[in-house]
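Per-entry structural report
Each chain is listed here by its residues.
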Amino acid sequence: MVPKVVFGEGCFDQLSSILSSQKKEKAPFIFLVDNVFEGNTEFTDRINLRFNDKLIFVSAEEEPKTSQVDDLVKDIKAEFTYTPSGIIGIGGGTVMDLAKAVSIMLINQGSAAEYQGWDLVKQKAVYHVGVPTISGTGAEVSRTTVLTGPVRKLGINSDYTPFDQVILDPELTKGVSKNQWFFTGMDCFIHCVESLNGTFLNAFSQSYGEKAYDLCMEIFLGDSLSEEESRAKLMMASWHGGMSIAYSQVGVAHAMSYGLGYVLGTKHGVGNCIVFQFLEEFYPKDVILFKKMVEKHGVEIPQGICKNLSEEQMNTMITVALGMVPLWENALGDNWEKTITPDKLRSLYLKM
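Every value quoted in this text rests on a predicted model; they were computed, and no experiment measured them.

Neither face of strand 9 (residues 165-168) is exposed, since Q165 and I167 on one face and V166 and L168 on the opposite face are all buried. As paired strands, strand 6 (residues 128-132) and strand 9 are joined by 2 bridges and run parallel to one another. Residue pairing for strand 9: G130 is matched across the bridge by V166.

What follows is the structure, encoded as structure tokens:
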């Protein structure tokens, strides 16, 4: 679990005082910040750089890559003699995943690609803090950092991955575009659906999943919330949805979305939505609700993205999806391979 969290409008301004207790002499804090904030001095001035602290703007245009993590680590090691006092990720899921991965790789040898999988990290990461500026991914609370590597798209899942501190300030999610708000929010909704319908479910993950699910229903199908209430509740839904999958697992939509992400570079939230609309046989009730949410908010989900795939691309997509063994086990149980064959995945991808 994330050991420390603060929540509330304006709590981002506590960042400096929180970090001061972690400062090591001559060792900088490195701030990885979504480049959407580049040039926004009103925001960046609140970060309060001191001594040799460094702010690095990173693009969230593409899903995070192992090569990107390796480059950031190499640059930081080349510039600073001392291991940083901490890594602070400020942005959406992409930036927070990069912050988690960089904090791990500053201490552990080799390339980030060598740690894609479950419990491969041996050394405790550098102190790291997550500050989400969009809600839904659950990256602020999960024990994974999902990366696209040379061979696969897979997380570094470990006990050293979760943040040491998270700052949840709903004010920071103002100004997120409607489409991004919706697609990232649906990532949270789909987390809940896959957790609550999975074979790994237990009372712990269920209690978090049910709460996040109810919040999503209120936010995306209700009409009674002010914008301020909606921002705060979606931030909590993201947290609870992330907690639910941390103690169970995701399912069919995420496994197939990883295939889209690896081959086509489809953004995670969008990919989940593209896949989820065709999963009636696995999640019948929730696909209907999802389609109602799409209609209510007038969001267009990209269509026909798999129509021009080469045979090689299709096979790669299927291989990546089939490699998500724990996700399929959660979705369908130990005998999942009887249902999920390469041909079955091909027929589903062709619908997209």
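From this point, the discussion proceeds with the structure in view.
Before going further, it helps to examine the side chain of Q165. For Q165, the location among the structural elements is in strand 9. Leaving out residues up to four positions away in the same chain, Q165 has contacts with V2, K4, V5, V6, I18, Y127, H128, V129 and G130.

Turning our eyes to something else, we now look at the sheet that holds strand 6. If you walk across this open sheet you meet the 6 strands as 1-9-6-4-2-3, and the pairing is parallel. For this open sheet the edge positions go to strand 1 (4-7) and strand 3 (54-58), each flanked by a neighbour on one side alone. Geometrically, the sheet is characterised by an average inter-axis angle of 15° between neighbouring strands, direction not taken into account. Relative to strand 6, strand 4 (residues 86-91) runs parallel, the two being bridged by 5 bridges. Bridging across to strand 6, I90 finds its partner in V131. Those strands touched by helix 4 (residues 93-105) are strand 2 (29-34), strand 3, strand 4 and strand 6, and its axis lies near 170° from that of strand 4.

Within the fold, T145 resides in the loop between strand 6 and strand 7 (146-148). At 2.7 Å, the side chain of T145 and the backbone oxygen of D97 are in polar contact. Non-local contacts of T145, meaning those with residues more than four positions away in its chain, are made with D97, L98, K100, A101, L154, G155, I156 and T161.

This brings us to the packing of aromatic side chains. Scanning the entire structure with this criterion turns up 12 aromatic pairs. Ring plane angle 25° and centroid distance 4.2 Å describe the contact between F37 and F43, whose orientation is recorded as stacked. You'll find F37 and F43 in the same group, each marked buried. Aromatic pair W328 and W336: ring centres 6.0 Å apart, planes at 15°, arrangement stacked. When its relative accessible area of 0% is taken as the criterion, W328 is described as buried.

Turning to the layout of surface pockets, a few remarks are in order. Empty space within the second largest pocket amounts to approximately 350 Å³. As for the second largest pocket, its lining consists of 19 residues, and the residues nearest its centre are W181, E227, S230, R231 and L234. For the lining of the second largest pocket, the secondary-structure elements that each account for two or more residues are helix 6 (203-221) and helix 7 (227-246). Top element by residues in the lining of the second largest pocket is helix 7. It accounts for 4 residues. Looking at the lining of the second largest pocket residue by residue, the classes come out as 6 nonpolar, 8 polar and 5 charged.

Let's shift gears to the sheet that holds strand 7. The 3 strands are arranged 5-8-7 in an open sheet whose pairing can be described as mixed. Taken across any chain shown, the strands that pair with only one partner, and hence form the sheet edges, are strand 5 (117-118) and strand 7.

The rules behind these values
- All residue numbers here refer to positions counted from 1 along the written sequence of the relevant chain.
- Side-chain atom pairs in this predicted model are given and counted only at pLDDT of 80 or more, local residue features only at pLDDT of at least 70, and totals for whole chains, interfaces and linings cover all residues.
- Hydrogens and water molecules were not included; the side-chain quantities draw on all heavy atoms of the structure.
- Type-normalised accessible area, obtained with a 1.4 Å probe on protein chains alone, sets the label of each residue: buried when under 20%, exposed when over 50%, and partly exposed for intermediate values.
- Secondary structure is summarised from DSSP: a helix means a run of H or I of at least four residues, a strand means a run of E of at least two, and numbering begins at the N terminus for each.
- Whether two strands pair comes down to DSSP finding at least two bridges between them.
- The criterion used for residue contact is that any of the two residues' heavy atoms lie within 4.5 Å.
- To get an axis, a line is fitted to the C-alpha atoms, and for a helix only the part in contact is used. The angle between two axes follows their N-to-C directions and goes from 0 to 180 degrees.
- The term polar contact refers here to a pair of N or O atoms within 3.5 Å; inside protein, the definition further demands a hydrogen-donor-capable atom paired with an acceptor-capable atom, and it admits residues adjacent in sequence only when both atoms are side-chain atoms.
- Stacked, edge-to-face and tilted are the three classes for Phe, Tyr and Trp ring pairs, Trp counted by its six-membered ring, which pair at centre distances within 6.5 Å; planes under 30 degrees apart are stacked, over 60 edge-to-face, the rest tilted.
- A pocket, in this scheme, is an open set of points on a 1 Å grid over the protein atoms alone with protein on both sides within 12 Å along at least 5 of 7 lines, while a cavity is a set where a 1.4 Å probe fits but cannot get out; residues line either one if an atom lies within 4 Å of a point.
- Grid points are joined across faces, edges and corners, and a volume is the space filled by probe spheres set on the points.
- Under this grouping Gly is polar, as are all residues other than the nonpolar Ala, Val, Leu, Ile, Met, Phe, Trp, Tyr, Cys and Pro and the charged Asp, Glu, Lys and Arg.

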